[in-house]
Amino acid sequence: MNEVIIEVNSLTKKYNKAQVLKDVSFGIKKGMICGLVGPNGAGKTTVMKAVGGLIIPTSGSIKLFGETSEKGLAHSRSRMSFIIETPYAKQNMTARENLEKLRLQKGIPDKKRIDEVLEIAGIADTGRKKIKNFSLGMKQRLGLAAALMSKPEVMVLDEPINGLDPEGIVEIRELLLKLNREEHITIMISSHILSELSLLCTDYLFIRHGELVQTISADELKRVCNEQYRIRSNNNSLVPAILHEKLGIESFEVDRDGTVRVFEGLNDLERISRALYENGVVPTELHLKEADLENYYMELVGDENDNDADKQDKSANVSKRS
């Protein structure tokens, strides 16, 4: 589980004078479901296309399964599948016909693999139904089935839940969890819907204006977003001692800026306030912050769309499966 299989170092991408990725670095370990999170246009698709070899970075490097050479990267990408933007399928063909066409193109000898991926994706019963009559959720499932044909070790998925209704989102989430847990597939997935990714991901990369602003595990994110009191005062250095020695509070942390975050005694604000005053500390900020992943996301990356990044890249409408 500690093996880093995707490693990006100082990745930069420019289109003309627009710099859409700025010194992006991160690593994804085997077994992770890593969410690339940010507003529309933040650079998520550009990162994924660089990992997939669909664009050439202006500078920086990419290492896949320990390989960095052109030949090594090509071989490594054969162990991966990419669904970037809209999954491609012949609209007048059935799911099985599309997968058989793909099997022949990829030179996959095992015909039984089609039945396997149709079953895994939950579309084995679509029969003679043409793709043009599929719901959006069914089309996304077909895209995932196609990506599974080559038995990938890693799947890179760009906005696979975009446009789906709530039922479709749940179906795709459950399928991805199954692939990760039962097929042991490492997943890199982009979305701006943090509330959904919070039910799926083990780790997160937050990106804004083409820059990676934070890397955080799901456990750490949940801890940060726990219901808590935030305390600032005229003497922040005394607060931890008062909490511990006078009130017996053990569960608290001190941020770099001196803010103290308290995770217990949340129903007794008056007792905390009185203890601070009695020991010569005047709170300048003392409020309850409720658990809310969406608010954390908004504080970190904002809600406005960027002007460049992925928008520069949308002209290349690519769906690649290796």
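Placed above this text is the structure.
Draft legend 1. Representation of unusual backbone geometry within the structure. A positive phi angle, near 50 degrees, is found at Phe-65, a position not held by glycine. With respect to the helices, strands and loops of the structure, Phe-65 is situated in the loop between β4 (59-64) and α2 (70-77). With a relative accessible area of 14%, Phe-65 lands in the buried category.

Draft legend 2. Summary view of the state of the cysteines. According to the stated counting rule, one finds 0 disulfides in the structure shown. You can see Cys-201 has no disulfide; the closest cysteine sulfur is in Cys-34, sitting 7.0 Å from it. With relative accessibility at 6%, the residue Cys-201 sits in the buried group.

Draft legend 3. Representation of the environment of Gly-38. For Gly-38, the location among the structural elements is in the loop between β3 (33-37) and α1 (44-52). Along the primary structure Gly-38 and Gly-210 are separated by 172 residues, whereas in three dimensions their C-alpha atoms are 9.5 Å apart. Excluding anything up to four places from it in sequence, Gly-38 contacts Lys-44, Ser-191, His-192, Ile-207 and Tyr-297.

Draft legend 4. Representation of the environment of His-209 in the model. Structurally, His-209 is set in the loop between β8 (203-208) and β9 (211-217). Between the alpha carbons of His-209 and Ile-169 there is a distance of 27 Å; along the sequence they are 40 residues apart.

Draft legend 5. Molecular detail of the nonpolar core. Residues Leu-99, Leu-176, Ile-189, Tyr-204 and Phe-206 are the most contacted members of the largest nonpolar core, which totals 50 residues. In terms of residues, this core owes the most to one element, helix α5 (residues 136-148), which gives 7 residues. Sequence-distant contacts of Leu-99, that is, excluding residues within four places in its chain, are made with Ile-114, Val-117, Leu-118, Leu-142, Ala-145, Ala-146 and Met-149. Counting residues in each nonpolar core, the second largest holds 31 residues, with Ala-42, Leu-73, Ile-84 and Val-156 among its members.

Draft legend 6. Representation of the packing of aromatic side chains within the structure. Using the criterion set out here, one finds 1 aromatic pair in the structure. Lys-13 extends its terminal NZ or CZ atom over the ring of Tyr-15, reaching a point 5.0 Å from the ring centre. Over the ring of Phe-65 we find Arg-79; its NZ or CZ atom is 3.7 Å from the centre of that ring.

Draft legend 7. A look at the side chain of Gln-140. Here Gln-140 shows up in helix α5. Here Pro-160 takes part through its backbone oxygen, which lies 2.7 Å from a polar atom of the side chain of Gln-140. For Gln-140, the contacting residues outside a window of four places in its chain are Pro-87, Glu-159, Pro-160, Ile-161, Asn-162, Leu-164 and Ile-172.

Criteria and cut-off values
- Residues numbered from 1 in each chain as written.
- Predicted model: local features only at pLDDT ≥ 70, side-chain atom pairs only at ≥ 80, totals over all residues.
- Heavy atoms only, no water.
- Helix = DSSP H or I, 4+ residues; strand = E, 2+ residues; numbered from the N terminus.
- Buried < 20%, exposed > 50% of the residue type's maximum accessible area, 1.4 Å probe, protein only.
- Disulfide = S-S within 2.5 Å.
- Contact = heavy atoms within 4.5 Å.
- Core = buried A, V, L, I, M, F, W, Y, C linked by side-chain atoms within 4.5 Å.
- Phe/Tyr/Trp six-rings, centres within 6.5 Å; stacked < 30°, edge-to-face > 60°.
- Lys NZ or Arg CZ within 6 Å of the ring centre and 35° of its normal.
- Polar contact = N/O pair within 3.5 Å; in protein donor to acceptor, adjacent residues only side chain to side chain.

Keep in mind these values describe shape, not function.
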